[in-house]
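Read off the chains here:
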Amino acid sequence: MRCLSCPDEKGSQFIYYLETLIGEDSMKDMLQLYMVTFQQMAITQQVLRTFYEEFVYDNFDNESATGILIATDWDTWVLEPGLAPYPLDFSTSQLVQAQDLAEDYIALGGSESPMNYTDYFDFIASQQLAFVQTLAVTESESVVTADLLAYIDSDLNITNATN
């Protein structure tokens, strides 16, 4: 069963990719049907493929279904080794907001605070992490100086954060 040799990351990306093809609501419907149909069973990737293809033809007109199945590119995703064949964007507006705030601080160079710097206090933990990671992975160390980090800390009190 070659699907078991797929890295988890590639497998989860494939499931997400299927959702981008059939839509969130159809994906929920398909997964619910899958759970009922195959409860307490182990299936092969071919059984899953057949189930998916039948679901697509049952829920979309023929032309749309054919296009979806061609775009699915099952063999490349499931049978071929390597990374996901299509880059997927897992960005969220919240992630972008955190990265933008860090980039605004960098652009201002510690001369002033970004207008929306207080948004940081409403960030969830993963956004705070994205903010700090954006600062950490900036290409030029000369841009993110100790003085800039001290300025950011004076605004956001990151050093004393308990999160």
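The sections below set out a description of the structure shown in this document. Here, residues in each chain are numbered from 1, in the same order as that chain's written sequence. Confidence filtering applies because this is a predicted model: local features only for residues at pLDDT of at least 70, side-chain atom pairs given and counted only at 80 or more, and all residues used for totals across whole chains, interfaces and linings. For the side-chain quantities, the full set of heavy atoms in the structure was used; hydrogens and water were omitted.

Let's talk about helix 7 (residues 125–136)
Consideration 1: Numbered from the N terminus, helices here are DSSP runs of H or I no shorter than four residues, and strands are runs of E no shorter than two. Each helix should span, by expectation, one fewer than its residue count multiplied by 1.5 Å. The end-to-end C-alpha separation of helix 7 is 16 Å, in line with the 16 Å expected for 12 residues at 1.5 Å each.
Consideration 2: Within helix 7, burial applies to Gln 127, Gln 128, Ala 130, Phe 131, Thr 134 and Leu 135. What you see down the axis of helix 7 is that its buried residues fit within an arc of 160°, all on one side.
Consideration 3: Considering only its buried residues, helix 7 is in contact with helix 6 (93–108) and helix 8 (146–156). Whether a residue is buried, partly exposed or exposed follows from its accessible area with a 1.4 Å probe, protein chains only, as a fraction of its type maximum: under 20%, in between, or over 50%, in that order. Note that the arc is defined by the directions from the helix axis to the C-beta atoms. Whether two residues are in contact is decided by their heavy atoms: any pair within 4.5 Å suffices.

Quick word on the packing of aromatic side chains
Consideration 1: Each aromatic pair joins two rings of Phe, Tyr and Trp (for Trp, the six-membered one) with centres within 6.5 Å, and gets the label stacked for planes under 30 degrees apart, edge-to-face for over 60, and tilted for any other angle. Under the criterion given, the structure shown has 13 aromatic pairs.
Consideration 2: Taken together, a centroid distance of 5.9 Å and an interplanar angle of 65° make the contact between Tyr 34 and Phe 51 edge-to-face. Of the two residues, Tyr 34 is situated in helix 2 (residues 24–37) and Phe 51 in helix 3 (residues 45–59); the sequence distance between them amounts to 17 residues.
Consideration 3: Aromatic ring contacts, followed pair by pair, group Phe 14, Tyr 17, Tyr 52, Trp 74, Trp 77 and Tyr 86 into a single cluster.

As for the pattern of salt bridges
Consideration 1: Salt bridges are defined by distance alone: a side-chain nitrogen of Lys or Arg within 4 Å of a carboxyl oxygen of Asp or Glu. Following the criterion strictly, the structure yields three salt bridges and no others.
Consideration 2: Lys 28 is the salt-bridge partner of Glu 24, the closest N and O atoms lying 3.5 Å from each other. Residue Glu 24 and its partner Lys 28 are located together in helix 2, separated by four residues, close to a single helical turn.
Consideration 3: On the accessibility criterion, Lys 28 (46% relative accessible area) is partly exposed.
Consideration 4: Among the salt bridges present, the one from Glu 53 reaches Arg 49, with a minimum N-O distance of 3.0 Å. With Glu 53 and Arg 49 both in helix 3, this residue pair falls four residues apart, about one helical turn.
Consideration 5: Glu 53 gets classed as partly exposed once you look at its relative accessible area, which sits at 28%.

A look at the packing of helix 1 (residues 8–22) against helix 2
Consideration 1: Lines are fitted to the C-alpha atoms to define the axes, a helix being fitted only along its stretch in contact, and any angle between axes, read from their N-to-C directions, falls within 0 to 180 degrees. It is the contact of helix 1 with helix 2, at a shortest axis distance of 7 Å, that shows an interaxial angle of 120°. With respect to helix 2, the element helix 1 is oriented oblique. Pair helix 1 / helix 2 crosses with right-handed handedness. Of the residues in helix 2, those in contact with Ile 15, Leu 18, Glu 19 and Ile 22 of helix 1 are Glu 24, Ser 26, Met 27 and Met 30.
Consideration 2: Residues are sorted three ways: Asp, Glu, Lys and Arg are charged, Ala, Val, Leu, Ile, Met, Phe, Trp, Tyr, Cys and Pro are nonpolar, and all the rest, Gly among them, are polar. Looking at the contact of helix 1 with helix 2 residue by residue, the classes come out as five nonpolar, one polar and two charged. With respect to orientation, any angle under 35 degrees is reported as roughly parallel, any angle over 145 as roughly antiparallel, any angle of 65 to 115 as roughly perpendicular, and every other angle as oblique. Helix crossings fall into two classes, left-handed where the near helix is turned counterclockwise from the far one by less than a right angle and right-handed where it is turned clockwise.

Structural notes on the packing of helix 6 against helix 7
Consideration 1: In contact at an axis separation of 8 Å, helix 6 and helix 7 are set at 40° when each is read in the N-to-C sense. With respect to helix 7, the axis of helix 6 lies oblique. As helix 6 packs across helix 7, the resulting crossing turns out to be right-handed. Where helix 6 abuts helix 7, its residues Gln 94, Leu 95, Gln 97, Ala 98, Gln 99, Leu 101, Ala 102, Glu 103, Tyr 105 and Ile 106 lie against Gln 127, Ala 130, Phe 131, Thr 134 and Leu 135.
Consideration 2: Within the contact of helix 6 with helix 7, the residues separate by chemical class into nine nonpolar, five polar and one charged.

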